[in-house]
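# A closer look at the structure
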Amino acid sequence: MTVESKRPVVFLDRDGTLNEERGYIRNLDDLVLIPGAARAVRKLNEAGVAAILASNQSGASRNYYPLSHIEKLHERLQSLLSKEGASLDAIYFCPHLPEGVMPELAISCSCRKPDIGLVERAFAEHPDLDRCQSFMVGDKTADLGLANNCGAKCILVETGYGLSLLESKAHLNYRIDYQARSVAEAVDWALLEISAQSHATGAKQ
Ligand SMILES: [Mg+2]
Ligand SMILES: [Zn+2]
């Protein structure tokens, strides 16, 4: 496989990054896109950059709703995106939580962010993804930690918990490559970085 055929990838957090932070979403209607999110995902689609969800979803482990509800939320997410011509290339989520109450989900795993299991699964199942051109966009320390742990460029968004994270100074424990007002700005920056890298690569040839 040539270098050119590898696809850059942007991993996206869900709550507070793509859709508005509303705690555990029990009603499907409460999953509402952040303004500009669909357009941002569409830009990735159009640029040939993989857009992959990486999300911690412990609601089923806490018995707030069944695992099937999380799947329904993701169907709604894809449906809202598709109305604006956008789609996620893949959806990965961790349903585990050691202190949860559902025995099969109340486990210690390697896929709960900031652990890198979700990203590793994505790379294993999509061998065309370019590890050297990977980005992680999110609003919580778990997202920053995942980015730092897997070597992805780290983008903090100010939506969701982003601003309160900045106020708490907890972000200072992480290497952040870019701070964006929202996922729209995050994607614009990632696309600039990707195009800068491809020009640099082209110049060497
Ligand atoms: Mg979030
Ligand atoms: Zn997990």
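This section reports on the structure supplied with the text. Everything numeric in this text was worked out from a predicted model, so none of it was measured. (Residues numbered from 1 in each chain as written. Chains lettered and ligands numbered in written order. Predicted model: local features only at pLDDT ≥ 70, side-chain atom pairs only at ≥ 80, totals over all residues. Heavy atoms only, no water.)

Turning our eyes to something else, we now look at helix α2 (residues 67–82). Along its 16 residues, α2 runs 23 Å from first to last C-alpha, staying within 8% of the 22 Å computed at 1.5 Å per residue. Residues of α2 that are buried include every one of His69, Ile70, Leu73, His74, Leu77, Leu80 and Leu81, and no others. Seen along its axis, α2 keeps its buried residues to an arc of 145 degrees; they face one direction. Turning to α2, the residues buried within the fold contact α1 (37–47), β2 (50–56) and β3 (90–94). (Helix = DSSP H or I, 4+ residues; strand = E, 2+ residues; numbered from the N terminus. Expected span 1.5 Å × (residues − 1). Buried < 20%, exposed > 50% of the residue type's maximum accessible area, 1.4 Å probe, protein only. Arc of directions from axis to C-beta. Contact = heavy atoms within 4.5 Å.)

Looking at the zinc ion (ligand 2), one finds its protein donor set to be Cys94 (SG), His96 (ND1), Cys109 (SG) and Cys111 (SG), positioned 2.1 to 2.3 Å from the metal centre. Viewed at the metal, the four donor atoms of the zinc ion (ligand 2) are separated by angles of 102 to 118 degrees, and the geometry they form is tetrahedral. By relative accessible area, His96 is classed as buried at 15%. (Donors = N, O, S within 2.8 Å, 3.2 Å for Na, K, Ca; no water. Tetrahedral: all angles 85-135°; square planar, octahedral: opposite > 155°, others 65-115°.)

Distances from the magnesium ion (ligand 1) to its protein donors, Asp13 (OD), Asp15 (O) and Asp139 (OD), fall at 2.1 to 2.2 Å. Spacing between the donor residues of the magnesium ion (ligand 1) along the chain follows D-x1-D-x123-D. For the pair shown, Asp13 and Asp15 are each scored as buried.

What follows is about the pattern of salt bridges. Where charged atoms from two side chains of opposite charge approach closely, those side chains can pair. Taken as a whole and assessed by the stated rule, the structure comprises 12 salt bridges. The partner of Arg14 in a salt bridge is Asp15, with the nearest N and O atoms 2.9 Å apart. A single burial state applies to Arg14 and to Asp15, both of which are buried. Linking Arg22 and Glu20 is a salt bridge whose minimum nitrogen-to-oxygen distance equals 3.2 Å. Judged by relative accessible area, Arg22 falls into the partly exposed class, the value being 40%. (Salt bridge = Lys/Arg side-chain N within 4 Å of Asp/Glu carboxyl O.)

Among the secondary structure elements, Ser55 is positioned in strand β2. Among the polar contacts listed, one links the side chain of Ser55 to the side chain of Gln57, at a separation of 2.7 Å. If we skip the residues at most four places from it in the chain, Ser55 touches Arg14, Tyr92, Phe93, Cys94, Lys113 and Leu118. (Polar contact = N/O pair within 3.5 Å; in protein donor to acceptor, adjacent residues only side chain to side chain.)

Now for the pairing of β2. Counting buried residues along β2, seven of its seven residues qualify, which places the element largely inside the surrounding structure. Pairing geometry for strand β1 (residues 7–12) and β2, over four bridges, is parallel. Opposite Phe11, over in β2, you have Ile52 as the bridge partner. What joins β1 to β2 is α1, and the crossover it makes is right-handed. Note that β2 and β3 share five bridges and pair parallel. Each bridged residue has a counterpart across the sheet, and for Leu53 the counterpart in β3 is Ile91. Following the backbone out of β2, through α2 and into the adjacent parallel β3, one traces a crossover that is right-handed. (Pairing = 2+ DSSP bridges. Right-handed = clockwise from strand over helix to strand, strands pointing away.)

So far we have only geometry, and geometry alone does not tell us how the molecule works.
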